[in-house]
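The lines below spell out each chain.
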Amino acid sequence: MVIRVLLLLLAGLAAGCATAPGPARVEDEAQRLDEAKRLADARALADRFQAELMEALQAAIAADGTAGAVTACSAIAPALAERLSEESGATVRRTALRVRNPASAPDAFERGALVRLAEAPLDAAGRPAEVHGVEAGRWRYLRAIPTRGVCLQCHGEAIAPDVRAAIAEAYPADAATGFREGELRGAFSISWPLSSGR
Ligand code: HEC
């Protein structure tokens, strides 16, 4: 009788071990879910940043011409980044290896990510490539911003003299020209401390 109970117990334990995830697997699964949620949050923020900026850029060019849009852009882009950061509680910005606005210069993590993104701005499915991970207690996410045709009038190789003058006046240290279509212009960079519970 005692042996029978023991055997049953052992069988139950064995079955339990085979089906129930061990503590390590539960942790892996939780991490995978956290990661998926963080990615979705970061992507949604990058989407909003991109859509709102593009709309503002096109409206400014239509209203003031390209040279006029340079000043509009210098006010709109940082203000939009600030508003999205405030609304989301994340740090939302743009950065690049060669910047127009010195405040957009990359930190060490961003620089490493930008070097990788510059090698392949698009992923296998033709979408802007991403880099993400945890660094120094922060969730970090960068998404490539490839150079498009419309960008060349302010970031390309042949820039109209009035546009060039407007850029030189607002950004004397500008290093963000000479780009070609398809090349990496920069990246959306989004981060937040893991301690925020997100
Ligand atoms: C009307 C001129 C104009 C056009 C067109 C334009 N930009 Fe810019 N771009 C600017 C200005 C001005 C800044 C600096 C904004 C600031 O002060 O943050 C800038 C900054 C940037 C930055 C931030 C990094 C840096 O260099 O400071 C990125 C990334 C960028 N532009 C990408 C693009 C892309 C991609 C396009 C095309 C979809 C584009 N831009 C079209 C004027 C322009």
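Residues numbered from 1 in each chain as written. Predicted model: local features only at pLDDT ≥ 70, side-chain atom pairs only at ≥ 80, totals over all residues. Heavy atoms only, no water.

**Remarks on the packing of aromatic side chains**
- For the structure on display, the rule yields two aromatic pairs.
- A centroid spacing of 5.2 Å and a plane angle of 50° characterise the contact between F49 and F188, whose relative ring orientation is tilted. Here F49, found in helix α2 (residues 23–88), pairs with F188, found in strand β4 (residues 184–193); they are 139 residues apart in sequence, far enough to count as distant.
- Taking 6.3 Å as the distance between ring centres and 40° as the angle between the ring planes, the aromatic pair formed by W139 and W192 counts as tilted. Of this pair, W139 sits in strand β3 (residues 138–146) while W192 is found in strand β4, placing the two residues 53 residues apart along the sequence.
- In this arrangement the basic side chain of R98 is found over the ring face of F179, its NZ or CZ atom lying 4.2 Å from the centre.
- The residue whose ring lies beneath R198 is W192, and the NZ or CZ to ring-centre distance is 4.2 Å. (Phe/Tyr/Trp six-rings, centres within 6.5 Å; stacked < 30°, edge-to-face > 60°. Helix = DSSP H or I, 4+ residues; strand = E, 2+ residues; numbered from the N terminus. Lys NZ or Arg CZ within 6 Å of the ring centre and 35° of its normal.)

**Focus: unusual backbone geometry**
- Residue A136 is not a glycine yet carries a positive backbone phi of 50°.
- Checked against the element boundaries, A136 lands in the loop between β2 (130–135) and β3.
- Judged by its relative accessible area of 73%, A136 is exposed. (Buried < 20%, exposed > 50% of the residue type's maximum accessible area, 1.4 Å probe, protein only.)

**Side note on the coordination of the iron atom of the ligand**
- Coordination of the iron atom of the ligand by the protein comes from a single atom, H155 (NE2), at 2.1 Å.
- With respect to the helices, strands and loops of the structure, H155 is situated in helix α4 (residues 152–155). (Donors = N, O, S within 2.8 Å, 3.2 Å for Na, K, Ca; no water.)

**Digging into helix α3 (residues 108–119)**
- Taking 1.5 Å of rise per residue, twelve residues should cover 16 Å, and α3 covers 17 Å from first to last C-alpha, within 8% of that figure.
- Looking at α3, one finds that the buried residues are F109, E110, A113, L114 and L117. The arc that holds the buried residues of α3, viewed along the axis, is 125°, so those residues lie on one side. What points out from α3, more than 90 degrees from its buried face, is the exposed set A108, R116 and E119.
- Looking at where α3 begins, the residue whose side-chain oxygen comes 3.1 Å from the main-chain nitrogen of F109 is D107. (Expected span 1.5 Å × (residues − 1). Arc of directions from axis to C-beta. Polar contact = N/O pair within 3.5 Å; in protein donor to acceptor, adjacent residues only side chain to side chain.)

**Observations regarding the nonpolar core**
- Of all hydrophobic cores here, the largest spans 18 residues; its most connected members are F49, V92, Y141 and I190.
- Looking at this core, the elements with two or more residues in it are α2, β3 and β4.
- In terms of residues, this core owes the most to one element, α2, which gives ten residues.
- Residues contacting I190, with those up to four places away along its chain left out, are A42, L45, A46, A90, T91, V92, W139, R140 and Y141.
- Listed in part, the ten residues of the second largest apolar core include L114, L117, V131 and A144. (Core = buried A, V, L, I, M, F, W, Y, C linked by side-chain atoms within 4.5 Å. Contact = heavy atoms within 4.5 Å.)

In short, geometric facts, not functional conclusions.
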